[in-house]
Amino acid sequence: MTNPGPVWPVRSASGVRLCLEDGRELIDGMSSWWAVIHGYNHPRLNQALQQQMEQMSHVMFGGLIHQPAVDLARLLIDITPDSLQHIFFADSGSVAVEVAIKMATQFWFAQGYPQKSRLLTIRQGYHGDTFGAMAVCDPESGMHHQFTHLLAKHFFVAAPVCRDDDSWQDSELDEIKTRLQQSHNEISAIILEPLVQGAGGMRFYCPQYLTAIRALCDQYDILLIVDEIATGFGRTGTLFACEQAAIEPDIMCLGKALTGGYLTLAATLTSTRVAEGISADGQGVLMHGPTFMANPLACAVAIASVELLLEGDWQQQVANIEQQLTVGLMCNLDFDHVRDVRVKGAIGVIEFKQKIDMAWMQPFLVEQGVWIRPFNNLLYIMPPYIIDNNDLGILIRAMNQGVRALDFKIKCSDPLIL
Ligand code: PMP
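The rules behind each value
- Residues numbered from 1 in each chain as written.
- Predicted model: local features only at pLDDT ≥ 70, side-chain atom pairs only at ≥ 80, totals over all residues.
- Heavy atoms only, no water.
- Helix = DSSP H or I, 4+ residues; strand = E, 2+ residues; numbered from the N terminus.
- Rg over C-alpha atoms; globule rule 2.2 N^0.38 Å.
- Buried < 20%, exposed > 50% of the residue type's maximum accessible area, 1.4 Å probe, protein only.
- Contact = heavy atoms within 4.5 Å.
- Areas by Shrake-Rupley, 256 points an atom, 1.4 Å probe, with all protein chains shown as cover.
- Lys, Arg positive; Asp, Glu negative; His and termini not counted.
- Charge placed at Lys NZ, Arg CZ, Asp CG, Glu CD.
- Phe/Tyr/Trp six-rings, centres within 6.5 Å; stacked < 30°, edge-to-face > 60°.
- Pairing = 2+ DSSP bridges.
- Axes fitted to C-alpha atoms, helices over the stretch in contact; angles between N-to-C directions.
- Core = buried A, V, L, I, M, F, W, Y, C linked by side-chain atoms within 4.5 Å.
- Near = heavy atom within 4 Å.
- Polar contact = N/O pair within 3.5 Å; in protein donor to acceptor, adjacent residues only side chain to side chain.
- Nonpolar A, V, L, I, M, F, W, Y, C, P; charged D, E, K, R; others polar.

Enquirer: Quick question: what am I supposed to make of the overall build of the chain here?
Expert: Each helix and strand counted, the chain has 12 helices and 16 strands in total. In terms of overall size, the chain behaves like a compact globule, its C-alpha atoms giving a radius of gyration of 22 Å where 418 residues would be expected to give roughly 22 Å. When the backbone C-alpha atoms are referred to their principal axes, the chain occupies close to 70 × 55 × 45 Å. Among the 418 residues that make up the chain, the fraction classed as buried is 55%. Within the chain, contacts between residues separated by at least 24 positions form 71% of all contacts whose residues are at least 6 apart in sequence. Accessible area for the chain stands at about 18100 Å²; split by element, carbon and sulfur atoms hold 52% of it. Mean positive and mean negative side-chain charge positions of the chain (28 and 45 charges, respectively) differ by 6 Å.

Rendered as structure tokens:
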């Protein structure tokens, strides 16, 4: 609050470029925290917003509905797994997670099982910054440990380590099976990020694990919540990551890229079983009603963004990014200070053995003409899908330069050299 570190004022943004107040241009490798998949200042998204603004910017969503919300709901129900037929519009990813937790809790309460109120999740997960969401983030490596004493107590098991189905071993399920045997009567749902654990460490795991989790949820009659806030809308190579495991969740959270990064909007989708189950308590409503629920501007731009995605060649774009990242980044494995390099879809990650000195690394990257925001020991990019080979090459070169400069810095162990 008193020492935010250096900041770079942005004047405008277009395509994959951020234009700084001092006239410099940076190629964006972050998609503004993974949301701006079509690039900035997109004419189609601008137009959707302008048209909606002339009709109505906002109206309350209690007792009233409007076409943008109805159309967006239909569209999302259409493209998500078949079992998801009901939708709640939330204001941010964290709130979508809160709503998912409430859905699961209210469902079991209404079924006459109020003791089924705890969640089970995997370590190194990240689900948001509000209190319900924080309670299912990794309790140790996450950034919320100072609030632990205030958080609901849920069950955690080790995150899967297996990255591909070929090396998958059933023994990875031992801990979760034991936990379920012991505690399934208290557990409402398993919540996890499918295939990619984002802000908890940019970790990837294999679809086989997710398939097995679905089977365990069925076996113990526990709901499965997939948090696709980071993975949704194509980032991992399929429209939703859970498709790679051929599973259908009971509840799915969407956010980030939903509006193409234009406005804050998120959604929690669920099945008819859960929706009807919640209503069985006689009240017939979910206990959540935020002021800006289903804001028409956000819904209108979300429709335009999803349509733009579906009409376009996102599969090829993501596949190209994946290929170029793989070819361009793997050379970094040769460095002693690099623990791992991994690529999945339009996500490229270099993991170091030690924490990155942000005060040094961030200005270094800006000097290379790119906007990449590392955290902890991770230098990673999730660029807009529209990025071309040339600009992606510049991002990759900047990452590689960062690795080399860090190597030099460590070997010389004299910060003044750089
Ligand atoms: N879930 C996941 C998987 C996320 O990556 C994030 C944001 N990084 C959230 C939830 C929280 O979303 P928001 O920041 O919009 O509240």
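Text resumes after the structure shown.
Enquirer: Looking at this structure, I do not really get the packing of aromatic side chains. What am I missing?
Expert: Following the criterion strictly, the structure yields 10 aromatic pairs and no others. With 6.1 Å between their ring centres and 85° between their planes, W34 and Y380 make a pair best called edge-to-face. Taken together, the positions of W34 in helix α1 (residues 31–34) and Y380 in strand β16 (residues 378–381) put the pair 346 residues apart, joining distant regions of the chain. The pair formed by W34 and Y380 is uniform in burial state, with each residue classed as buried. Ring centres of F131 and F147 lie 6.0 Å apart, and the angle between their planes is 75°; on these two criteria the pair is classed as edge-to-face.

Enquirer: Which parts of the structure should I look at to understand the sheet that holds strand β2 (residues 17–20)?
Expert: The pairing of strands in a sheet comes from backbone hydrogen bonds and takes either a parallel or an antiparallel form. Pairing in this open sheet of 4 strands is mixed, and the strands run β1-β2-β3-β15 from one edge to the other. Two strands bound the open sheet, and with one partner strand each, they are β1 (10–14) and β15 (370–371). Sheet strands in contact with helix α12 (residues 389–412) are β2, β3 (25–28) and β15, and its direction is about 90° off that of β3.

Enquirer: Honestly, the environment of V327 in this entry has me stumped. Any pointers?
Expert: Structurally, the position occupied by V327 is in helix α10 (residues 314–329). C-alpha of V327 to C-alpha of L269: the two residues are 58 residues apart in sequence and 37 Å apart in space.

Enquirer: How should the nonpolar core be read in this particular structure?
Expert: Most often, soluble globular proteins keep nonpolar side chains buried together rather than apart. With 137 residues, the main nonpolar core has L76, I176, Y209, F233 and L379 as its most contacted residues. The element that contributes the greatest number of residues to this core is helix α4 (residues 93–110), accounting for 10 residues. With residues up to four places along the chain from it excluded, the contact list for L379 reads G348, V349, I350, F352, I356, M361, L365, I372, P374, M399 and V403. Counting 7 residues, the second-largest nonpolar core is a separate cluster that includes L45, V301, A304 and L308.

Enquirer: So what exactly am I meant to see when it comes to the site of the ligand here?
Expert: Lining the immediate environment of the ligand, one finds W34, S92, G93, S94, Y126, H127, G128, E193, D227, I229, A230 and K256. A distance of 2.6 Å separates an oxygen atom of the ligand from a polar atom in the side chain of S94. Residue K256 places a side-chain N or O atom 3.0 Å away from a nitrogen atom belonging to the ligand. Protein chains shield 82% of the accessible area of the ligand, which is 390 Å² for the free molecule. Looking at the shell around the ligand residue by residue, the class counts come to 4 nonpolar, 5 polar and 3 charged.

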